[in-house]
Each structure stands twice: as C-alpha cells, then as structure tokens.
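# Geometric and topological summary
Below, each chain spelled out in residue letters.
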Amino acid sequence: MWRRLGADGRGAVFGVGAAIARLQKLAGRMNKMAEITVGLKEGQRTQCAPTATVGEALATLVSGKQRKQTLAVRIDGRLVDLTTPLAELAMPEVELELVGADAADGLEILRHSTAHIMAQAVRSLFGAVKVAIGPAIDNGFYYDFDRAEPFSTDDFERIEAKMLEIARTGQLFTRQVVSRQEAMALFEQQGETYKLELLREIEAETVTLYQTGDFVDLCRGPHVPHAGWLQAFKLIKLAGAYWRGDERNPMLQRIYGAAFADKKALAAYLHALEEAKKRDHRKLGKELALFTVQDEVGPGLILWQPKGALLRKLIEDYWKEEHYRHDYELLYTPHIARLDMWKTSGHFDFYAENMYAPMVIDEVQYQIKPMNCPFHIAIYKSSRRSYRDFPIRWCELGTVYRYERTGVLHGLLRVRGFTQDDAHIFCRPEQLEDEIFNILDLNLHILKTFGFDQYDVYLSTRPEKYVGSDEHWQQATEALKQALEKKGLAYQIDPGEGVFYGPKIDIKIKDVLGRSWQCSTIQVDFNLPERFQIGYTGEDGKEHQPIMIHRALMGSLERFIGVMIEHYAGAFPLWLAPVQARLLNITDSQAGFVETAYREMRAAGLRVEKDLRNEKLNYKIREAQLVKIPYMLVIGDREVETATVTVRRRDGSNLPAMSVAEFVALVRQECAAGRRLNGAAA
Ligand SMILES: [Zn+2]
Ligand SMILES: [Zn+2]
C-alpha cells in the first residue's frame, strides 16, 4: 500500500538535503540556461522559466475541466504539489502525469489535506491543543490531539463548520522548505512536543512545512493547492490512541473523518456506514444471543451461545457433507503437540511471534497449535504412500490459537482462537492443475450456497525470499493460472506477494454492502514436504516428494460467521436460521396445543421455539421479529379447533392457516430450495 503521505509520523522530505544542494548548483546554471522543458506523457511540450510552479506550467499545457480536476502531478513516479517551483525538481526536462481526485493517490492527498484543515479548525476553536499525526486512511483521515479536556461528538458540528469556512475561503496550502533547526525552533515556540519528537528523529537537514491560515504542520506532502478542494467531509467518531501506538505513551484523542471527492460519494459512504452500523456483527451477535466474549475468559476467545452454536453446527454439517461429496476425507487432530514438531515445521523459527508460550508435560515441551498442517503430515507419515493413493484430500475443522495484539481484536473477525475450515491435498506435480481447479470449483460452490457470488481473486507470485526451485515455482504458478482460466475467473496478479514456500490464490468475497472480506486461500507448498521428508513411491518404483496444497475456503468459522451476520443483517435464510419458527399462543387456554405442535415439529427436525408468556400477541410478534425468526406461528382458539397454525413471515406477510404437517413440509421445501437456489445440492 502507498504510504508516503506526510504528517504520518515520518514527516521528512526524502533526501531533500541532497536535493537542495544539487538544486542550488543547478538553479544557478538553470537561471542562465533559462527554460525548462515541461510536457505531458505522450503529449505536447512547452518551455517554462525555472521560477514557474508546476501548476503554472500545467496551465500552459491543459485547460478547462482537465486542469480544474488536477490536484497534483506525478513526476518520475513521485507525487508533487502544483505549488512546487520547477527549479526545485532539479530536472532539465519534466514529464507530468495528472493526478485527480478520481485516482486513489489523488484521493489520498485530498483526505490527508482534510486532516490538516481539521487540525487547523481544532486549534483555532480549542486553543491549547497539541497535534500529533494526521494521515489519510481508507475513506478518510484522522488526526491525533493532546488536550486536557476530552472532545465530545457534540463538538463535531462546530469543528465541521470551521473546516467548511476554511474550505470555502479557499485558503492556500503553502509549502516551505526549511532547515531542521528552523522547524525545531518554530515547534518549540508553539509547544508542539510531538512534532519536536518527530523532528529529532529526522536525519535530513531540511524538512517541509505546510501552512494553511495560521496552522503550520510538519509534513512531507504533497497537498492540494488550496482548501477549496476539501468540501465533502464529515467527522465520524472519536477514539483513544496511544502516541505511536505504544501503551507506555500518553493517550491521545483521535478524531476520525470521512472525505471524498464530491458530496455524492460522501453521501453514499455515509449511507453505507449507517447500514454497516445496523449490521455490526458484535451488536447483532448480542441481540440474537449468538456469541459472547467475556473478560473472565479472555479477549479474542469466542464463547458460542446455544443459537450461535446451532448456526455453527449447521454450517459445519453442510461443509462436511459437501467435502464428502467432493472426495475429501475428514480428520481430527489434537490441540497440542511436542515443541520439536514445530521446530521441524519451521514455525518455531518463523512464526514465533504468533505462537503462545510452550507448556511442559512430563518434562517435555508442548505447543498449542497455530496451524493444523504438521498434524496432517504426521498422519500422512503413518503409512507408506504410493502414487496410486494420490490425490489425497484431507480436511479438518481445526481449531488453532494465534497471538494477536489486544488492540486489533474485533468481535468474530479478529480473534485469538479460531477454527479453520482447513484441508491439505497431497498430489503429484502433474495433478496440481486439476486439484486447484477442483478446489476452486468447491470453493465457489460453497461460497455461493452461503449467498456470496461476488468476489475478487488474486494470484500471488514468488517473493524475494523463497524456498524451492525456480522450476517448481514456475510450474506451480502456471498451474494456478491455468486452473483460474479454466474456471473462467478474472483475477489480478499480486507480484511477489506469494508466501515464501509457494504461490497462492486468495479470494475476497463481497458482501451485500459491497465490502470486501479476505476469505478463501489456496496455497502451494514446497517447503513442508521437504522439512518433514515425506515421500511416495512413484510409477518408476523410486521415492519422490509430493506437492502439498493448503487451503481454507471460509477462512475460519468465526470470521465467516461474522461476515455472514453482517451480510444477512442477522436474518439468515431458513436453512441456516438457528430458530426457524416460534409458536405464539394468544391466551393460556391454547398452551396444550402449542405444546403438542412444538413436540411434533421438533420430532420432524424443525428448529422451533415456543413463547407461552402471558403477554399481548403483538408484543410477542415484535420480539420474534427483532430476533429475526423467519416464521411466527400464531395459535388462538380457532387454530386449536381446526388443529392448524396461522403462519406469519418475518417480513410481516401472512400465509393461510395450515396443519403442523403442512408447515413441516413447507419448511423442508423452502430449505432445500434455498440451498439449491444458491448452488448446493439439496
Ligand atoms: Zn500533510
Ligand atoms: Zn496447512
């Protein structure tokens, strides 16, 4: 990811010291040389005085909309402000690429610039506030402040109004190159201790400052030329953040904002944000009593409540059935293993920061597992293998434990213990392509059944550090490509992003709000078979090493269920709903029939509940709707007489009264159809 913008804690200008020295030499020469050639990529050229700014040069090359929509330029791969004088580039010939707010890096400049004017507004409104860092982030920006009084979201309106005033008057972003000493003196005088701390760490002799109004910030830039660009923003939330993310440092107040190129894009984002809030799986998880996390147990450790456990069981059952259908065999393995095994696997050396401390059992060290792979290898080694046994496809819902910092833990999405829907395939090199194709096939089929049919696919190739021969890497990467193409999947290549042990395919699913979630991964591994010295007897009677594929389709059950809760806003399709129907009586006199109907439905395998409380029917209906139960079955005297239930859907629509047997048939049919509709065999 592109992370060069300033005020991100590393506000130095790259090698500006050297550039300035070069510049001073060149400037003398250039003034004599007079003009600099400036041109567009594959476009016209013009001659400009070295004192002209990039923006002035640009104005002679493009006009109208094109010029109006340019907020910075890229020169030689580097983003540059429009206000930078040409001479400072120290290039006799300059080629400009236009950067607008429609480009990702243009938008990032716009967002970071908005962080500046927010800090400016905060300083002008609240006086004694120290500023720390204020980078651009996805969809917006933040700035960290040190202030004795806590901010409140009630302050947002005032801050926004002030920001808008700065934007409307189009205040200029003035860039200045100064010596580090000058900058120190300035921030010393302003009491900006955080900026001083940053400055002390900068080695360059010169730094850049950006000023809007009376607010000066240490920053690498670049920025929009003036604040008029910054009209579509909104402050979103407040959070505490330790200076430099270190809990030994003071806690700062972070204000987050959203910023976009125009008001329409901002409105669309704010709408999506509202939707996301309503769908937050932590909120719904609590309301629907699916899962809980308790301090007493520990952060990042999920406790599945009965309804969540049932949902998980339904997913697990389906997953196992589908794997069985696709010629997989199921394994179960322990949660701990001797530390020595993790030394052989290499995890002890390369994965230590994600692993928990070992424990001692009978004077031998054991490790709680961060991965399932070595166990599957141990099972592989339990018997002699021949090429005739291949492909071996072993799957396991394997629970692993990995260290994550408390600060990054997030509901079901980032946890410390989770269950991977893991599988390992052992095969011969010539089987690789078919196996990858089969995995992709099963993968998309399973995702579709759960309601996900939009995704982004990435193929990651060889990184700088790797094991295995170049030939193997090439073959495996080619096999992944071929399988993707055969499956007709559009994909992006992530060069050098493969794991050190082999190339991989990642699939990010898109939810109903269009958000992407890393989900499936398929990884070829040349490393573990080598480390564990596993082999098979080939057709030639000689010993060979198999190829190993690691893959997880849902990623982890925790994460996948978290995504699913948000995707469906807790209203699961009937085949996945932990409670499919709730029986509601009108008065006590129907309690006996409710009990009978309940027993019959349970016996038929329906997931049904009863609400016999002495409450008004409307109240009971509303409660059932709130917990998103697909069907409410109302029973009054008429229903008792005719031995029927009146069926009401969670969307408020009604079906005619029907017998218990008819309702059971309806549910079965709808479940089968729901699964088939999404691609699964009934
Ligand atoms: Zn900046
Ligand atoms: Zn594995």
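Residues numbered from 1 in each chain as written. Chains lettered and ligands numbered in written order. Predicted model: local features only at pLDDT ≥ 70, side-chain atom pairs only at ≥ 80, totals over all residues.

### Points about the sheet that holds strand β31 (residues 631-635)
- The five strands lie next to each other as β30-β29-β31-β32-β33, forming an open sheet whose pairing is mixed. Each edge of the sheet is formed by a strand with only one pairing partner; in this case those strands are β30 (608-611) and β33 (654-658). Sheet twist, expressed as the mean angle between neighbouring strand axes with direction ignored, is 25 degrees.
- As paired elements, strand β29 (residues 581-585) and β31 share five bridges and run parallel to each other. Its bridge partner being in β31, L583 is matched across the sheet by L633.
- Along the sheet, helix α20 (residues 617-626) contacts β29, β30, β31 and β32 (645-649); its crossing angle with β29, the most-contacted strand, is approximately 170 degrees. (Pairing = 2+ DSSP bridges. Helix = DSSP H or I, 4+ residues; strand = E, 2+ residues; numbered from the N terminus. Axes fitted to C-alpha atoms, helices over the stretch in contact; angles between N-to-C directions. Contact = placed C-beta atoms within 7 Å.)

### Focus on the nonpolar core
- Counting residues in each nonpolar core, the largest one holds 85 residues, and the members touching the most others are I436, L583, A597, L633 and I635.
- No other element matches helix α15 (residues 432-449), which puts eight residues into this core.
- In this view, I436 contacts A479, L480, A483 and I522; residues no more than four positions away in its chain are not counted.
- Counting 68 residues, the second largest nonpolar core, distinct from the first, contains A52, I109, A167 and Y210. (Core = buried A, V, L, I, M, F, W, Y, C linked by C-beta atoms within 7 Å. Buried ≥ 20, exposed ≤ 12 C-beta atoms within 10 Å, placed from the backbone.)

### What about the domain arrangement of the protein?
- Domain boundaries in the protein define domain 1 (18-99), domain 2 (105-278), domain 3 (292-333 + 372-568) and domain 4 (581-677).
- Using C-alpha coordinates to define each centre, domain 2 is positioned 55 Å away from domain 4. (Domains from an automatic or database assignment.)

### Points about the packing of helix α7 (residues 180-190) against helix α8 (residues 193-201)
- Here α7 crosses α8 at 165 degrees, and the two axes come no closer than 9 Å. With respect to α8, the axis of α7 lies roughly antiparallel. In terms of crossing hand, the pair formed by α7 and α8 is left-handed. Only K195, L196 and L199 of α8 make contact with α7, whose side of the interface consists of R180, A183, M184, F187 and E188.
- Split by residue class, the contact of α7 with α8 holds five nonpolar, no polar and three charged. (Parallel < 35°, antiparallel > 145°, perpendicular 65-115°, else oblique. Left-handed = near helix turned anticlockwise from the far one by under 90°. Nonpolar A, V, L, I, M, F, W, Y, C, P; charged D, E, K, R; others polar.)

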